[in-house]
Amino acid sequence: MSEIESILKEARSFAPSEEFRARAIVSTEEAAERSYRESIDDPEAFWGRVGRELPWLTPFERVLDWSAAPVARWFEGGRLNASAVCLDRHLETERRDKVAIRWEGEPGDERSFTYAEAQAEVCRFANALLARGVAKGDRVAIYMPMIPELAFALLACARIGAIHSVVFGGFSAQSLRDRIEDGGCTAVITADGGWRRGKVLPLKDVVDKATAGIASVHTVMVVRRTENEVAWTAGRDVWYHDAVADASPELAPEPMESEDTLFLLYTSGSTGKPKGIRHTTAGYLVGTYLTTKTIFDLKEDDVYWCTADIGWVTGHSYIVYGPLACGATVVMYEGAPDQPHPGRFWELVQKHRISVLYTAPTAIRAFMRWGDEHVTKFDLSSLRLLGTVGEPINPEAWMWYRRTIGGERCPIVDTWWQTETGAIMLSPLPGVTSTPPGCATRPFFGVDALVVDEEGNELGPNQGGFLAIRKPWPSMLRGIWGDDQRFVDTYWSKFPGMYFPGDGARRDEHGNFWIMGRVDDVLNVSGHRLSTMEIESALVSHPAVVEAAVVARPDDLTGEAICAFVTIGSGQKPSPELIEALKGHVSTEIGKLARPSDIRFAEGLPKTRSGKIMRRLLRDIAARREIADDTSTLEDLGVIARLRDESS
Ligand code: 7RM
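Cut-offs used in this document
Residues numbered from 1 in each chain as written. Predicted model: local features only at pLDDT ≥ 70, side-chain atom pairs only at ≥ 80, totals over all residues. Heavy atoms only, no water. Helix = DSSP H or I, 4+ residues; strand = E, 2+ residues; numbered from the N terminus. Rg over C-alpha atoms; globule rule 2.2 N^0.38 Å. Buried < 20%, exposed > 50% of the residue type's maximum accessible area, 1.4 Å probe, protein only. Areas by Shrake-Rupley, 256 points an atom, 1.4 Å probe, with all protein chains shown as cover. Lys, Arg positive; Asp, Glu negative; His and termini not counted. Charge placed at Lys NZ, Arg CZ, Asp CG, Glu CD. Salt bridge = Lys/Arg side-chain N within 4 Å of Asp/Glu carboxyl O. Pairing = 2+ DSSP bridges. Polar contact = N/O pair within 3.5 Å; in protein donor to acceptor, adjacent residues only side chain to side chain. Contact = heavy atoms within 4.5 Å. 1 Å grid on protein atoms, 1.4 Å probe; cavity = no way out; pocket = protein on both sides within 12 Å on 5 of 7 lines; lining within 4 Å. Points joined across faces, edges and corners; volume = space filled by probe spheres on them. Nonpolar A, V, L, I, M, F, W, Y, C, P; charged D, E, K, R; others polar. Near = heavy atom within 4 Å.

J.: Help me understand the overall build of the protein chain in this model?
T.: A tally of helices and strands in the protein chain yields 20 helices and 30 strands. For the protein chain, the C-alpha radius of gyration of 24 Å lies close to 26 Å, the compact-globule estimate for 648 residues. Expressed along its principal axes, the backbone C-alpha trace of the protein chain runs to roughly 70 × 55 × 50 Å. Within the protein chain, the fraction of its 648 residues that count as buried is 63%. Total accessible area on the protein chain is roughly 23,600 Å²; 49% of this is exposed by carbon and sulfur atoms. With 73 positive and 92 negative side-chain charges, the protein chain shows a spacing of 1 Å between the two charge centroids.

Next comes the structure, spelled out in structure tokens:
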């Protein structure tokens, strides 16, 4: 029994309006189909043409070399620089004085930078790094709040050919230390602090703890943001404003080989030590550039906002590299979505006339919980396109997003991808794809995706199985830093010749892909393999429920029993009647097989710092086991204690 049974049925589907379609970058099904066919049948012709849209210092000679599979080599012979692709290229055009980054701090302070200003700032930053002895190929850890200097830090590293390794500003000193050591970083860029929910996160203090005793770190560059007191290590620490005071605003970009490493980004995965995912220069830029342009349908006058933190891959690809390569105006926000009020995001949309918004299902479900009144008091008519990423979005949340945020007029692109894939892999094309709620729909150009069984055989329509990808694509990871064998074992060994992302999926009769969650989360109830995501979707479609996480607990009779943790709306009360109602609701929505044995009410669910539900912790609680897993990536440790209390 290797298939995952799919029980969720969704009959609704939404096509883009004629008005949207007519102006879209990809505006007909024929054009989309033609490009997709070419990208699969003749990838070198397709990607060669896209590649030539970037500004090269030396043109590439060969599009793809797959002879050392699974390590691909794209655009060999070419030289380019990521900071020049994102900034310099626009300075010769009308975009020179266009706003590149419009930033707002949590306390409401604002700054904005045109492309010309951003380029000068990045050159000063890069000169300051050079003056401190940071050289091409060196690894630089970046541990910062969401301020413009964070984006500039990535680009300044790229300008001199240093490899950046961004660590999300919410991680602990130990996590930061592990990543600095694993990458062999010689410099750290940080800030005194950052604002989060009205408080100062003392980032420099954390860096001091993380670097104590690491002799290889010769420089800690500190941006002044919150003006809190910081300890100072003479000779090692340097204020950013001092370092750039006399730095020249000009610096020729370092010519980088296509396959030179652009950055490392650590992903924790479910077990073992974090993996330093390695991305290279040209392929990554080509992938993020093309997906940003066509999936977000970017036009010259768009104001684009991706709400992720740059500490995650979503921020790397869709705040910094993709949108800037496209010459977009990017909004960046430092703080929490409910600071100082639960309507902060919508206030930002109204104020900056944001037209394209990209956010996560976890945020959308929080907005639903907080209530429509915080949304509807703002004017959201500037929005024309919405996106989601990070988790499967349940149809209920998708419908709410469409109605309440998108005013029923904005297409939604549900984008499936990973840190490892570098860029979006499955997504609707907003001008052409008719989209069912909660569906990531189709493979992007060049993505040869399929659903296979345990043996790697392709499955037919509506059979659930493992998502796999058959061909190399430009923005794919090139390896795990310092561990080539783990790269092969993790991604290329389950199905020979295919990339294995670790997600379950099914393809429906229209060819649409439905992501069914991580395969590690699949339940086995009386011999039936069920996706947690589908049961969660059924629960959330009950009016009392705002969020749900389903896990298995050992059961003598059925092998595994279904245990559901649910968060209910603010006007709702936990009761035995509600428990029965919810169990009955799942039975009627998707069938008796999926009826939960236990329903447990939870004030909050354990989430990673990027908002993904951590089901493995819930499995321990459901089985009343000690938590065996590493909880260091958990957003709010208190959640676990409260869940324990509530379920004992
Ligand atoms: C971009 C990002 C990757 C994992 C991935 C999936 C899940 C991401 C979606 C999704 C369903 C989506 N990178 N995931 N996007 N699942 N629909 N649209 O999130 O490396 O942090 O995570 O996230 O399980 O494998 S990531």
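J.: What is the right way to look at the pattern of salt bridges in this model?
T.: For the coordinates displayed, the defined rule picks out 48 salt bridges. The residue Glu10 makes a salt bridge to Arg12 at a minimum N-O spacing of 2.8 Å. Lys136 is the salt-bridge partner of Glu254, the closest N and O atoms lying 3.4 Å from each other. With Glu254 in the loop between helix 9 (240–245) and strand 13 (256–257) and Lys136 in the loop between helix 5 (115–131) and strand 6 (139–143), the pair connects residues that are 118 residues apart, well separated along the chain. The partly exposed category is assigned to Lys136, whose relative accessible area is 43%. The network of salt bridges with shared partners includes Glu104, Glu110, Arg344, Glu347 and Lys351.

J.: It is not clear to me how the pairing of strand 11 (residues 219–223) should be interpreted in this structure. Could you clarify?
T.: Across the 5 residues of strand 11, 5 count as buried, placing the element largely inside the fold. Alternating residues of strand 11 divide into Thr219, Met221 and Val223 and Val220 and Val222, and every residue in both groups is buried. Sheet topology note: the strand 8 (residues 187–191)/strand 11 ladder contains 5 bridges and is parallel. Note on strand 11: the bridge partner recorded for Thr190 is Val222.

J.: Looking at this structure, I do not really get the side chain of Lys299. What am I missing?
T.: Residue placement: Lys299 occurs in the loop between helix 10 (281–295) and strand 16 (303–306). Exposure remark for Lys299: the relative accessible area of 16% places this residue in the buried category. There is a polar contact of 2.7 Å between the side chain of Lys299 and the backbone oxygen of Arg23.

J.: What is the right way to look at the pairing of strand 25 (residues 513–518) in this model?
T.: Side chains on a regular strand alternate between the two faces of the sheet. A large share of strand 25 lies buried, amounting to 5 of its 6 residues. The pairing of strand 24 (residues 503–507) with strand 25 spans 5 bridges and is antiparallel. Counterpart to Arg506 in the pairing with strand 25 is Trp514. In this antiparallel pair of consecutive strands, strand 24 and strand 25, the connection spans 5 residues, and Gly511 shows a positive phi of 90°.

J.: Whenever I open this one, unusual backbone geometry confuses me. Can you help?
T.: One can expect most non-glycine residues to show negative phi and most peptide bonds to be in trans. For the bond running from Ala69 to Pro70, omega is 5°, close enough to zero to count as cis. Examined against the element boundaries, Pro70 turns out to sit in the loop between strand 1 (62–65) and strand 2 (73–76). Residues Gln339 and Pro340 are joined by a peptide bond in cis, for which omega reads -5°. Its place among the elements puts Pro340 in the loop between strand 17 (329–333) and helix 12 (344–352). Non-glycine residue Asn462 carries a positive phi angle of around 65°.

J.: Hey, could you run me through helix 4 (residues 82–91) in this one?
T.: Of all 10 residues that make up helix 4, 9 are buried, and the element is covered over most of its length. Along helix 4, the residues that are buried comprise Ala82, Ser83, Ala84, Val85, Cys86, Leu87, Asp88, His90 and Leu91. Buried residues along helix 4 sit in contact with strand 3 (79–80), helix 5, helix 6 (148–160), strand 14 (261–267), helix 10 and helix 11 (313–325). For helix 4, the capping residue at the N-terminal end is Asn81, with a side-chain oxygen 2.8 Å from the backbone nitrogen of Ser83.

J.: Looking at this structure, I do not really get empty space enclosed by the protein. What am I missing?
T.: Picture a little ball the size of a water molecule; that probe, rolled over the atoms, points out where space is still empty. For the structure shown, the criterion picks out 3 cavities of 30 Å³ or more. Within this model, the largest cavity holds a volume of roughly 120 Å³. Around the largest cavity sit 13 residues that line it, and Arg365, Pro392, Asn394, Glu536 and Ala548 are the ones nearest its centre. Top element by residues in the lining of the largest cavity is helix 17 (residues 532–540). It accounts for 4 residues. Space inside the second largest cavity adds up to approximately 60 Å³. Lining the second largest cavity we find Trp47, Gly287, Thr291, Ala423, Ile424, Met425, Phe444, Phe445, Val447, Trp473, Pro474 and Ser475. For the lining of the second largest cavity, the residue count by class is 9 nonpolar, 3 polar and no charged.

J.: Explain the site of the ligand to me, please; I cannot follow it from the model alone.
T.: For the ligand, the set of nearby residues contains 16 residues, the closest of which are Asp414, Thr415, Thr419, Asp503 and Lys612. Interatomic distance of 3.4 Å between a backbone N/O atom of Pro392 and a nitrogen atom of the ligand. With the chains in place, 89% of the 530 Å² that the ligand exposes on its own is no longer accessible. Of all the secondary-structure elements, those providing two or more residues to the shell around the ligand are helix 11 and strand 25. The residue inventory of the shell around the ligand, partitioned by class, reads 6 nonpolar, 5 polar and 5 charged.

J.: Would you mind showing me how to read the layout of surface pockets here?
T.: There is about 320 Å³ of room inside the second largest pocket. Forming the boundary of the second largest pocket are 21 residues, of which Glu33, Tyr36, Arg442, Pro443 and Arg507 lie nearest the centre. Taken together, the elements giving at least two residues each to the lining of the second largest pocket come down to helix 2 (29–41) and strand 21 (449–452). Here the lining of the second largest pocket takes 4 residues from helix 2, the largest share from any one element.

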